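These are the residues of each chain, in order.
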Amino acid sequence: MSGYLTTHVLDTATGRPAQGLRIELFRLSGEARTRIAETVTNGDGRTDSHILPAERFQTGEYELVFHVGDWLDAQDHRGEDPRFLNVVPLRFGMAAQDHYHVPLLISPYGYSTYRGS
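Residues numbered from 1 in each chain as written. Predicted model: local features only at pLDDT ≥ 70, side-chain atom pairs only at ≥ 80, totals over all residues. Heavy atoms only, no water.

Time to look at the sheet that holds strand 2 (residues 9–11). Strand order in the open sheet made by the four strands is 3-2-9-10, with mixed pairing throughout. Of all strands in the sheet, those with a lone pairing partner are strand 3 (16–17) and strand 10 (110–113), marking the two edges. As defined by bridge partners, strand 2 adjoins strand 9 (residues 104–107) across three bridges and the pair is classed as parallel. When the bridges of strand 9 are listed, Leu10 appears paired with Leu105. (Pairing = 2+ DSSP bridges. Helix = DSSP H or I, 4+ residues; strand = E, 2+ residues; numbered from the N terminus.)

Take a look at the structure:
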């Protein structure tokens with residue numbers, strides 16, 4: 001089995017998927033960050049394909065960068081000015097050839113994540 005990476009972004013303030021949210025994926029090596037993917041969420045708050053497909057999967061350290069502030073502005077619920085949340089970086093490791101699902105639950109004032117299935 002080859003590993004791969006997926007995500008799902010939900011807006012907990014409205015109870016809806018976060019459609020149109022920009023996400024970047026970086027591979028980390030020490031202090032170096034290499035961007036390896038960029039995508040936007042679809043109508044279900046997911047990406048149309050795996051962020052890191054099986055043929056490009058490598059074990060190691062990664063960072064998903066969710067551009068939450070721009071998305072909140074576009075939804076007209078940015079909260080206070082300056083916005084409390086802007087860019088949400090999530091650093092994590094992938095050690096096995098497995099499906100890694102890293103969802104993000106967002107609102108104008110907080111976020112939560114976990115390793116899903």
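Back to the text.
What follows is about the nonpolar core. Residues Leu5, Leu21, Leu25, Leu64, Phe66 and Val68 are the most contacted members of the largest nonpolar core, which totals 26 residues. Elements represented by at least two residues in this core include exactly strand 4 (22–29), strand 5 (32–40), strand 6 (60–66), helix 1 (68–74), strand 7 (88–94) and strand 9. Top element by residues in this core is strand 7. It accounts for four residues. (Core = buried A, V, L, I, M, F, W, Y, C linked by side-chain atoms within 4.5 Å. Buried < 20%, exposed > 50% of the residue type's maximum accessible area, 1.4 Å probe, protein only.)

As for its placement among the helices and strands, Arg56 is situated in the loop between strand 5 and strand 6. Judged by relative accessible area, which is 40%, Arg56 ranks as partly exposed. Note: C-alpha distance between Arg56 and Gly3 (53 residues apart in sequence) is 8.8 Å. When neighbours within four sequence positions are excluded, Arg56 is seen to be in contact with Arg27 and Ile36. (Contact = heavy atoms within 4.5 Å.)

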